[in-house]
Amino acid sequence: MEGMLSALLVAEKEWVAFCSCDMPLIPEDYIQQLWQQKKRAPAVWARSSEHDHPAPALVNRQLAEPLAAYLAQGERRLMQFLREQGGHAITLTQDEAAFRNMNTLDDLQEAR
């Protein structure tokens, strides 16, 4: 979340896309899917058929100040923060495998 805050603080554009580095199979068009369905929400994140995945997210830079305050309070629950700010999940069309976290070579080999 500190990384998100850092990006929001220096963003030149109104919106910033995020994704965890351990999700190499995330759909290439996830940003487009989030953008097309965000409506007026200041933040949206991915939902698969089984789970919410808050790391692949699209966040408006106006959330930088509230995020800084949230982190200063010692909070670290990303999805809770995004919901409190009026965000919502967007169901992406890919199956659960696209959202799998890969943290070891074995994880990557299993996915192939």
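Look up a bit, the structure's there.
This text gives an overview of the structure that appears in the document. (Residues numbered from 1 in each chain as written. Predicted model: local features only at pLDDT ≥ 70, side-chain atom pairs only at ≥ 80, totals over all residues. Heavy atoms only, no water.)

Applying the stated criterion across every chain yields a total of 1 cavity of 30 Å³ or more. In this structure, the largest cavity occupies an estimated 30 Å³ of space. Elements with a minimum of two residues in the lining of the largest cavity: α1 (2-10) and α4 (78-84). A per-element tally of the lining of the largest cavity places α4 first, with 3 residues. Classifying every residue of the lining of the largest cavity gives 8 nonpolar, no polar and no charged. (1 Å grid on protein atoms, 1.4 Å probe; cavity = no way out; pocket = protein on both sides within 12 Å on 5 of 7 lines; lining within 4 Å. Points joined across faces, edges and corners; volume = space filled by probe spheres on them. Helix = DSSP H or I, 4+ residues; strand = E, 2+ residues; numbered from the N terminus. Nonpolar A, V, L, I, M, F, W, Y, C, P; charged D, E, K, R; others polar.)

As a further point, take the side chain of Lys-38. Mapping Lys-38 onto the fold places it in the loop between α2 (30-37) and β2 (43-47). Put simply, Lys-38 is tucked away with no salt bridge, and the nearest opposite charge, on Glu-14, sits 7.4 Å away. Residues within four places of Lys-38 in sequence aside, it is in contact with Trp-15, Val-44, Leu-58, His-88 and Ile-90. (Buried < 20%, exposed > 50% of the residue type's maximum accessible area, 1.4 Å probe, protein only. Lys, Arg positive; Asp, Glu negative; His and termini not counted. Salt bridge = Lys/Arg side-chain N within 4 Å of Asp/Glu carboxyl O. Contact = heavy atoms within 4.5 Å.)

With that settled, consider the nonpolar core. Among the nonpolar cores identified, the biggest contains 19 residues, and Met-4, Leu-8, Phe-18, Val-59, Leu-67, Phe-81 and Leu-82 are the most heavily contacted of them. Looking at this core, the elements that each hand over two or more residues are α1, β1 (15-18), β2, β3 (52-60), α3 (64-72) and α4. Among the elements that line this core, the one with the most residues is α3, at 4 residues. If we ignore the near neighbours within four places in the chain, the residues touching Phe-18 are Met-4, Ala-7, Leu-8, Tyr-30, Ala-55, Pro-56, Ala-57 and Val-59. In terms of nonpolar packing, the next biggest core, distinct from the first, is built from 13 residues, Tyr-30, Ala-41, Ala-46 and Ala-98 among them. (Core = buried A, V, L, I, M, F, W, Y, C linked by side-chain atoms within 4.5 Å.)

On to the pattern of salt bridges. Overall, the coordinates contain 6 salt bridges when judged by the stated rule. The residue Arg-77 makes a salt bridge to Glu-75 at a minimum N-O spacing of 2.5 Å. For Arg-77, a relative accessible area of 44% corresponds to the partly exposed category. With its nearest N and O atoms 3.0 Å apart, the salt bridge here joins Glu-110 to Arg-100. Of the two residues, Glu-110 is situated in helix α5 (residues 105-111) and Arg-100 in the loop between β4 (88-91) and α5; the sequence distance between them amounts to 10 residues. Residue Glu-110 is classed as exposed on the basis of its relative accessible area, which comes to 56%. Three or more residues joined by partner-sharing salt bridges are found here, namely Arg-47, Asp-52 and Arg-83.

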